[in-house]
Structures are given as structure tokens and as C-alpha cells.
Amino acid sequence: MASVLDLFTRLDEEDVLTFHSNMMKTLTISKNTRFLNYDISFLNDFYKDEKPVGDLLPYSEICNFCDDIKNNRKPRVKVKLDPKDFMLKSWSSAIANGLVQIGSQERMGTGTIYKDDTIIRLSNVTIDETGAVTLHCQKAKYSDQVKSNLIVDFTSKKFTEADSLRNILRGNDGQKLPTLSDKRMANTLGVACILFYWDNEYWTPVMIPRPPESLKAVSVFEGGWHCSASGAAEWPAVTEREFFEAISDDMLREIHEELGIEKNEVHDFDLVSICREFARAGKPQLFFTGFVNLDFKTLMMRIDKARATASLSGNKIETLKYPIFRSNPSNAEFFQEIQTRDDVEINAKKTIRPGITTEGATALYYAAQVLKIRKRTSQSEPYKLDLM
């Protein structure tokens with residue numbers, strides 16, 4: 001069995017696209033639910049008029065900030081706020097309205113959605129002639145995406161098997177994603193990050209095993225290896241000028257909640273790209289990267305503490321205990337590691353799908369580009385990527 005290192009070719013010797021394409025064809029999983037289809041082939045075929053990230057991953061890139069990182073510049077991003085709260089628009093189709101009503105009720109009944117936070121809707125992204133980016137944001141509720149982006153593949157016995165919001169949208173948008181301004185979709189903003197930590201003289205990505213659907217702990221990307229941290233960007237109580245920095249801080253808050261890593265411990269924290277996800281019909285996503293000078297033992301202690309804090313607070317635990325991603329997660333060793341965990345996780349092991357989620361794969365794709373750009377050094381040795 002080839003190690004993951006064999007699939008990750010040396011970043012300073014081969015093109016990032018080549019190494020990532022080889023790895024993703026081997027490891028990326030496609031796990032569907034009643035509400036969302038994550039199958040890469042299906043999604044790339046459905047949205048043929050969009051260009052997948054890396055010619056493979058089911059995301060469409062809006063902006064890429066690698067040149068800013070290369071030239072040690074902050075990304076030129078500002079925010080324009082809509083003073084009115086967002087309200088979902090009804091569909092002209094009675095079938096679509098029926099799917100929204102039934103699907104959102106069933107989605108809420110899964111037990112994975114327990115808060116209706118105020119979050120950010122991204123209604124447009126504009127780029128001026130100088131390359132400066134403006135994010136047009138509006139206040140929305142988490143329940144808005146439950147009634148739209150999170151149920152696009154839901155079908156009901158009251159209608160035909162072909163009736164879904166995704167298929168109905170196709171009647172308007174063809175093989176392209178619906179526009180961000182489409183008010184039938186919440187298009188709430190997500191954030192995701194890959195952190196690298198120093199382990200045995202290699203910079204290693206923190207990939208987190210997600211709970212399977214049976215544990216009812218997460219609402220998307222159930223099972224498989226995922227980003228270091230991710231979530232929905234919450235609406236901050238700040239001015240328009242401070243808004244973009246607050247979005248970045250929200251990503252750092254997610255990192256602290258899920259990994260127990262403090263904001264001041266994350267170095268070279270960068271926004272790498274803004275994308276739209278095929279699986280959730282164009283839901284926008286910010287991808288970040290960062291580095292932490294923590295060894296494996298310290299990182300494990302932090303993650304365990306974060307899990308304990310979430311449990312004591314009555315929050316859902318969104319990660320399984322961390323059996324570090326050092327070998328191909330499709331082999332038997334992954335399950336042997338899970339067998340050492342507590343009873344709940346032992347019962348869940350049969351439903352865990354080894355592999356990398358599509359969001360995790362896309363985050364890793366951008367993180368690999370940043371690692372190549374930086375060619376960071378430690379004790380005069382070049383940074384290397386190792387997943388053995």
C-alpha cells in the first residue's frame with residue numbers, strides 16, 4: 001500500500017496541480033445524503049459551464065490571492081453592507097415551494113442543526129479594474145440556508161424523483177451555478193482553513209476526521225477527513241470598514257473552538273481564495289491557510305481539551321478523536337485506530353468513509369500552493385510536506 005507521501009509529490013519538484021490531481025483521484029470520497037449529492041463526477045457534469053478548481057474539484061474560483069501572498073501583500077478586500085436583512089424569495093414553482101417546506105422540516109429533524117445563528121449572506125463579489133475585491137454582504141439566518149442551499153438534492157414522495165431544487169434551478173441557469181444574487185438561495189458565507197504544524201521535521205496539514213452521519217454531529221461533509229477547521233461566518237457587530245477583518249477573526253474563532261489553538265499562535269494566516277461550491281449550488285466559501293509552531297503531542301492535547309470544552313458547554317462535538325493522518329486513510333490501520341476510541345465512536349466506525357471530503361480536498365489544494373510559495377524554513381532546512 002502506497003503511503004500518502006507517495007501521492008503527494010515533492011512540491012518543489014513537480015507542479016502542484018499534478019500532485020494534487022493524482023492524490024485526489026485516489027483519496028477524495030463522494031458520500032451522498034438525502035439532502036446533498038457530493039459525487040464529484042455528478043457535480044462536475046451538472047455544472048459543465050463552470051471551471052472546477054484544479055480541473056477536478058467541484059468548486060468554482062472567484063478570486064485567488066496567491067500573488068498577494070507571493071509578494072507579501074495583504075489582499076485588497078473590502079465589504080459593502082446591505083442595510084436590509086435578507087429574506088428568502090418564494091419560488092414560482094409550487095413543487096419547489098413544497099420541497100422547501102418538506103425538506104427544511106426534515107433537515108431540521110435530523111438533529112444536526114440546533115442553533116439559528118445570524119450569519120453572512122454574500123450577494124455579490126465585484127472586482128474593479130485594479131483588482132480590488134468588494135464583498136457585498138447582507139445579514140441572514142442559518143435557517144435560510146436550511147431552506148435552500150442545504151437541501152438542493154432533497155426529493156419527496158409527494159413529487160417525482162426528478163423533482164429537486166437543483167434540477168429546478170437548472171431550468172433557469174442551465175449548466176452554470178445560479179447567481180449569488182438569486183434570492184431563492186441563501187448563499188451564506190462559509191470559512192475553511194488548513195493549518196500546518198511542525199512534526200518530525202515536516203510541515204504536516206492538520207486534517208480532522210469528521211463524525212459520520214449516524215452520530216448526528218455535523219450537518220455537512222459527514223465522515224471522511226476534513227479541513228483543520230470550518231464553519232458558517234457569523235455576522236459581527238462591527239463597522240463596514242472593520243467587517244472583512246472580523247470575517248478573518250471568525251475563522252480564527254473556529255480554529256480556537258475546534259482545535260484549542262489561540263489566535264496569536266497562528267502565523268502567516270492568509271486568505272487564499274474565494275470560491276463557490278457545486279454541492280450546495282454555489283454557496284460561497286473563503287479558504288485560509290496558516291502555520292502553528294506546535295508539535296504533535298501538544299496539538300493532540302489542545303484538540304482533546306477543545307472537545308471536552310464543547311461537551312461541557314452542551315455543544316455538538318464536530319470531530320472524532322484524532323488518529324493523525326500519517327498513512328493512507330483507506331487502509332485497515334485507520335479502523336484499528338478508531339477501535340481504540342470510546343464506545344460511541346466504536347459503534348460509528350462501520351459508517352466512517354475513509355478519504356478526504358471535497359471541501360477538505362479543496363482547502364488542501366490551496367494550502368499546498370501556499371506552502372510552495374512560501375518555501376518556509378526551520379533550522380535552515382526547507383519546509384517539506386509529509387503525511388506519513
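The model shown is predicted, which means the values in this text are computed figures rather than measured ones.

1. Things to note about the overall build of the chain
Link 1 in the chain: Along its length, the chain carries 12 helices and 14 strands.
Link 2 in the chain: Within the chain, buried positions represent 56% of all 388 residues.
Link 3 in the chain: For the chain, restricting intrachain contacts to residue pairs at least 6 apart in sequence, the fraction spanning at least 24 positions comes to 74%.
Link 4 in the chain: Per element, the accessible surface of the chain, about 17400 Å² overall, is 46% carbon and sulfur.

2. Considerations on helix H9 (residues 296–312)
Link 1 in the chain: Under the 1.5 Å per step criterion, the end-to-end length of H9 is 24 Å for 17 residues, consistent within 8% with the ideal 24 Å.
Link 2 in the chain: Turning to H9, its buried residues are Leu299, Met300, Ile303, Ala306, Arg307 and Ala310. Projected down its long axis, H9 shows its buried positions confined to an angular sector of 125°, all on one face. The outward face of H9, more than 90 degrees from its buried face, is lined by the exposed residues Lys297, Met301, Lys305 and Leu312.

3. A few points about the confidence of the model for the chain
Link 1 in the chain: Looking at the chain, the pLDDT average stands at 80 and 76% of residues meet or exceed 70.
Link 2 in the chain: A low-confidence stretch, residues 323–353 stays under pLDDT 50, and its non-local contacts, those more than four residues away or across chains, total 71 contacts.
Link 3 in the chain: Within the model, pLDDT remains below 50 along residues 377–388, and this stretch shows 36 contacts once partners closer than five positions in the same chain are excluded.

4. Regarding the sheet that holds strand S3 (residues 77–81)
Link 1 in the chain: Ordered in space as S3-S5-S4, the three strands form an open sheet in which the pairing is mixed. Sheet topology places S3 and strand S4 (118–127) at the edges, where each strand pairs with a single neighbour. Averaged over all adjacent pairs, the angle separating strand axes in this sheet is 35°, with direction ignored.
Link 2 in the chain: Sheet topology note: the S3/strand S5 (residues 133–141) ladder contains five bridges and is parallel.

5. Considerations on the packing of helix H8 (residues 243–259) against H9
Link 1 in the chain: Across the interface, H8 lies against H9 with an axial gap of 6 Å and an inter-helix angle of 90°. With respect to H9, the element H8 is oriented roughly perpendicular. Residues His256, Glu257, Glu258 and Leu259 of H8 lie in contact with H9, whose contacting residues are Arg302, Ile303 and Ala306.
Link 2 in the chain: Of the residues contributing to the contact of H8 with H9, the split by class is three nonpolar, one polar and three charged.

6. What about the packing of aromatic side chains?
Link 1 in the chain: For the structure shown, the criterion picks out 10 aromatic pairs.
Link 2 in the chain: Judged by centre distance (5.0 Å) and plane angle (80°), the ring pair of tyrosine 365 and tyrosine 366 falls under edge-to-face.
Link 3 in the chain: On the basis of relative accessible area, tyrosine 365 is assigned to the buried category, the value being 8%.
Link 4 in the chain: Aromatic rings pair up to connect Phe42, Phe46, Tyr47 and Phe278 into one cluster.
Link 5 in the chain: Between arginine 184 and the ring centre of tryptophan 91, over which it is positioned, the NZ or CZ distance is 4.6 Å.

7. A word on helix H7 (residues 165–173)
Link 1 in the chain: Buried residues of H7: Leu165, Arg166 and Leu169, and no others. Along the long axis of H7, the arc covered by the buried residues comes to 90°, so they all point the same way.
Link 2 in the chain: Buried residues along H7 sit in contact with helix H3 (40–46) and helix H5 (94–108).
Link 3 in the chain: Looking one or two residues beyond H7, the residue adopting positive phi is glycine 174, at roughly 60°.

Cut-offs used in this document
- Positions within a chain are numbered from 1, following the residues in the order the chain's sequence is written.
- Under the rules for a predicted model, residues below a pLDDT of 70 receive no local features and side-chain atom pairs below 80 are neither given nor counted, while totals for whole chains, interfaces and linings still include all residues.
- Only hydrogens and water are removed before side-chain values are computed, so all heavy atoms of the structure are retained for them.
- A run of DSSP states H or I qualifies as a helix once it reaches four residues; a run of E qualifies as a strand once it reaches two. Both are numbered from the N-terminal end.
- Summary of the burial criterion: residues with accessible area below 20% of their type's maximum are buried, those above 50% are exposed, and those between are partly exposed, where the area comes from a 1.4 Å probe applied to protein chains only.
- We call two residues in contact when some of their heavy atoms are within 4.5 Å.
- Per-residue and other accessible areas were derived by the Shrake-Rupley procedure at a 1.4 Å probe size, with only the shown protein chains allowed to occlude residues.
- To estimate how far a helix should reach, multiply one less than its number of residues by 1.5 Å.
- Relevant arc is that of directions from the helix axis to the C-beta atoms, nothing else.
- The pLDDT score gives, residue by residue, the confidence of the prediction method on a 0 to 100 scale.
- DSSP bridges decide pairing: two strands pair if at least two such bridges lie between them.
- In this analysis, axes come from line fits to C-alpha atoms, helices being fitted only over the stretch in contact, and the angle between any two N-to-C directions falls in the range 0 to 180 degrees.
- Angular relationships are summarised with four words: roughly parallel below 35 degrees, roughly antiparallel beyond 145, roughly perpendicular across 65 to 115, and oblique for the angles in between.
- Charged means Asp, Glu, Lys or Arg here, nonpolar means Ala, Val, Leu, Ile, Met, Phe, Trp, Tyr, Cys or Pro, and polar covers whatever is left, Gly included.
- For this analysis, a ring pair means two rings from Phe, Tyr or Trp (six-membered ring only for Trp) whose centres lie within 6.5 Å, classed as stacked if their planes differ by under 30 degrees, edge-to-face if by over 60, and tilted for the remaining angles.
- Whether a charge lies above a ring is judged from NZ of Lys or CZ of Arg, which has to be within 6 Å of the ring centre and within 35 degrees of the ring normal.

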